[in-house]
Amino acid sequence: AKQACDIDLVAAMGVSSILTVDEDISVTSPRSMLIINSFFLMREIESSLALLSNAVLNTSTELFRLKLAVSKTDPGAVAEWREWGCVCAGDRLLPCAYHETVLHYDRIVDNFGPISSLPSDFPLFPSSSGEPLSKQEVVSMYESVALQVGMPLLDSLGRKRVGGHTARVSGA
């Protein structure tokens, strides 16, 4: 069976929040994607299909809500709300889905304008052109964080350690 390896989320906090994998996917931070997806235990397909309209960031209550898929066989069928508030108490060296989302939203606004002006099908994790990321691009983001924290991408047998379930394993 194919196994995904976890990435130390505390170590990942030391990775630049503006780290880029390549020019086409530079808007979405690999660190932000890994942290947010780990808290919500998302697979790469769920991440690539996630829409900004299915997310609610409340800065008054410091709460981030995300509507998630209810079926592994239909990851686009979202119906289940999950939420995370601040868990870092202001210590930005600790992983926090809420504060990482604030940074992520700031990047979206800087690149695409106010959230309220974006179309309802705008991706939560957009490419630099505003398109959804592919499953492989999501995995590439995880790989970039793994490399930045000094984690080898291959195990001793030459098998990939980072894959589509890395965020789920990291957050579990």
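This text goes with the structure placed above it.
Now for a look at the structure at hand. Keep in mind that what you see is a predicted model, and the values were worked out from it rather than measured.

What to know about the environment of P126
Inference 1: Residue placement: P126 occurs in the loop between helix 4 (97-112) and helix 5 (135-148).
Inference 2: A residue is classified by how much of its surface remains accessible, and P126, at 0% relative accessible area, is buried.
Inference 3: For the pair formed by P126 and A50, sequence separation is 76 residues and the distance between their alpha carbons is 9.5 Å.

A closer look at the pattern of salt bridges
Inference 1: Using the criterion set out here, one finds eight salt bridges in the structure.
Inference 2: Between R92 and E100 there is a salt bridge, with its nearest N and O atoms 3.6 Å apart.
Inference 3: With a closest N to O distance of 3.3 Å, K160 and E143 form a salt bridge. Here E143 lies in helix 5 and K160 lies in the loop between helix 5 and helix 6 (166-171), a separation of 17 residues in the sequence.
Inference 4: Accessibility expressed as a relative area gives 45% for K160, which makes it partly exposed.
Inference 5: Look at the salt bridges and you will find they share partners, linking R31, R92 and E100 into a network.

How each quantity is defined
- Residues numbered from 1 in each chain as written.
- Predicted model: local features only at pLDDT ≥ 70, side-chain atom pairs only at ≥ 80, totals over all residues.
- Heavy atoms only, no water.
- Helix = DSSP H or I, 4+ residues; strand = E, 2+ residues; numbered from the N terminus.
- Buried < 20%, exposed > 50% of the residue type's maximum accessible area, 1.4 Å probe, protein only.
- Salt bridge = Lys/Arg side-chain N within 4 Å of Asp/Glu carboxyl O.

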